[in-house]
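An overview of the molecular structure
Given next are the chains, with one letter for each unit.
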Amino acid sequence: MATVRRACALVLVLLLGALAGGSAGSVPRWDNGLARTPPMGWNDYNAFGLGVTEDLVRRTAERMVSAGLRDAGYEYVNIDDAWMAETRDAGGNLQADPARFPHGIKALADYVHGLGLKLGIYADAGTQTCGGLPGSLGHEQRDARQFAAWGVDYLKYDTCNANGVPARQRYGAMRDALAATGRPIVYSICNWGAERVWAWGSGYGNLWRTTLDIRPTFDSLLDVFHATVGLSGYAGPGGWNDPDMLEVGNGMTRTEDRAELSLWAMLAAPLITGADLTTASAGTLADLTNPAVIAVDQDPLGRPATLVSSRAGLDVLVKNLANGDVAVLLFNETGTDAAMSWTVPGATAVRELWTGAASTASTEVAARVPAHGVAMFRVGRAGAK
Ligand code: GLA
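Owing to the predicted nature of the structure, the values given are computational and were not obtained by experimental measurement. (Residues numbered from 1 in each chain as written. Predicted model: local features only at pLDDT ≥ 70, side-chain atom pairs only at ≥ 80, totals over all residues. Heavy atoms only, no water.)

**So, the packing of aromatic side chains**
Rule in force here: The criterion for an aromatic pair is that two Phe, Tyr or Trp rings (for Trp, the six-membered ring) have centres within 6.5 Å, with stacked assigned to planes under 30 degrees apart, edge-to-face to planes over 60 apart and tilted to the rest. Using a 1.4 Å probe on the protein chains alone, a residue whose accessible area is under 20% of its type maximum counts as buried, one over 50% counts as exposed, and one in between counts as partly exposed. Strands here mean DSSP runs of E at least two residues long; helices mean DSSP runs of H or I at least four residues long; both are numbered from the N terminus.
Scanning the entire structure with this criterion turns up eleven aromatic pairs. Taking the centre distance of 5.0 Å and the plane angle of 75° together, the rings of W200 and Y204 count as edge-to-face. A relative accessible area of 3% means that W200 is categorised as buried. On the numbers, 5.7 Å between centres and 85° between planes, the contact of F225 with F331 is edge-to-face. Here F225 is found in helix α8 (residues 218-228), whereas its partner F331 is found in strand β11 (residues 326-332), with 106 residues between them in sequence.

So this is what it looks like as structure tokens:
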């Protein structure tokens, strides 16, 4: 009887552990050597929906260079859904839509590589993409070989029309097919947080979406943030929680845009801008390239922030950094300004990362934080490297 009770208690403990956020624990990490820090780049979907063209990708890549995004770390130029022709070719291969991509994907990859950037592409782990184009389920090896032959560096793999096949089976098949090509290809699992992907994602890919699609509203940002912030234990170098592409520049206020960038940096989230970079304002470009905020996102320790306090819509996140500094984010979800503060023991120097304001010798970081806004600090500590 006692043995049965002990066994039941053990099952309960394991179950609670599995439900409570926890960490990747028993899942062997899949290591393709890529994404040691969260991937950075651009993707067309948030601004253009199913409207991607070769011309847009070229002009965006050029803008990423001229506006300083490449030099700030944005590396991948990612094509989303609707690049394909409606049918495979006679040999069964995916082919680009000849009207939208008249020179094909290989020529585009060459062009993007010539600018010092990398090319990403989209496919679907089902029978059809979300836009109704050919899916890769059952064609994984052929399609992975095709992407590698074109010179693709990143695959976003979506989950529409899965026909009831379990996610791990579908995502595992493409993982193995990509590995078999021998080409380094970042593998982005886009299954909308289904089947608790964070609990197994690091055994399958380099990043995994934690939620359904983000929209360019503060409410959507809050939903995605709250769904992701508790999952920090699952992410680390090589495998990241993905709260979806950035909506900075797509219609929120500048305050909200900066909140999104700051939250994503604290979460060690991929920074894939979804803005129309060909028309983005100087303010949007400046925010996207803030080096101090990017440095928090890209910190080599790769440990996402912890939500250390959350009361009445006022949140404090703390992220440990590789050199012993800590990043502290004061985030005001509410509709009115608020005085916020947090104490960091041993603090020697404090810098606010959006204003650049510096102060010394205070263990308290404090700010009047605007509605929907943030104050983001990097705090040096005694004994830091
Ligand atoms: C899904 C994905 C989006 C985007 C669209 C394209 O909704 O989650 O990010 O790729 O499909 O159809």
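**Re empty space enclosed by the protein**
Short version of the rule: Grid points spaced at 1 Å and placed over the protein atoms alone form the basis of the search, with a cavity being a set where a 1.4 Å probe fits but cannot get out and a pocket an open set showing protein on both sides within 12 Å along at least five of seven lines. Lining residues have an atom within 4 Å of a point. Grid points are joined across faces, edges and corners, and a volume is the space filled by probe spheres set on the points.
Under the defined criterion, the tally for this structure stands at one cavity of 30 Å³ or more. In this model, the largest cavity occupies a volume close to 90 Å³. When residues of the lining of the largest cavity are traced back to their parent elements, those giving at least two are β4 (154-158) and β6 (207-209).

**What about the sheet that holds strand β13 (residues 347-352)?**
Think of a sheet as strands paired side by side through backbone hydrogen bonds, with each pair either parallel or antiparallel. Quick reminder of the rule: In this analysis, strands are considered paired if DSSP registers two or more bridges between them. Angular values range over 0 to 180 degrees, each being the angle between N-to-C directions of two axes fitted as lines to C-alpha atoms, with helices fitted over their stretch in contact. A contact between two residues is defined here by any heavy atoms of the two lying within 4.5 Å.
Taken in spatial order, the six strands make up an open sheet running β9-β10-β11-β16-β13-β14, and their pairing is antiparallel. Strands at the two margins of the open sheet, each flanked by one partner only, are β9 (306-311) and β14 (358-360). Recorded for the sheet is a direction-independent mean angle of 20° between the axes of neighbouring strands. The pairing of β9 with strand β10 (residues 314-320) spans five bridges and is classified as antiparallel. Looking at the pairing, T306 lines up with V318 of β10. Packed on one face of the sheet, α8 meets β10 and β11 and runs near 135° to β11. Contacts from helix α9 (residues 254-266) reach β10, β11 and β16 (374-381) within the one sheet, and its direction differs from that of β11 by about 140°.

**A look at the domain arrangement of the chain**
The line we're drawing: Each domain's extent was defined by an automatic or database domain assignment. Summed over both partners, buried area is the accessible surface (1.4 Å probe) that two parts give up on being assembled.
Taken domain by domain, the chain holds domain 1 (6-297) and domain 2 (306-381). In this structure, domain 1 and domain 2 have C-alpha centres spaced 29 Å apart. Counting residues at the interface gives 22 residues for domain 1, matched by 22 residues for domain 2. Roughly 1,800 Å² of surface becomes buried between domain 1 and domain 2 when both sides are summed, with 74% attributable to carbon and sulfur atoms. Broken down residue by residue, the surface that domain 1 buries against domain 2 is led by F218, M266 and V296, which jointly contribute 31%.

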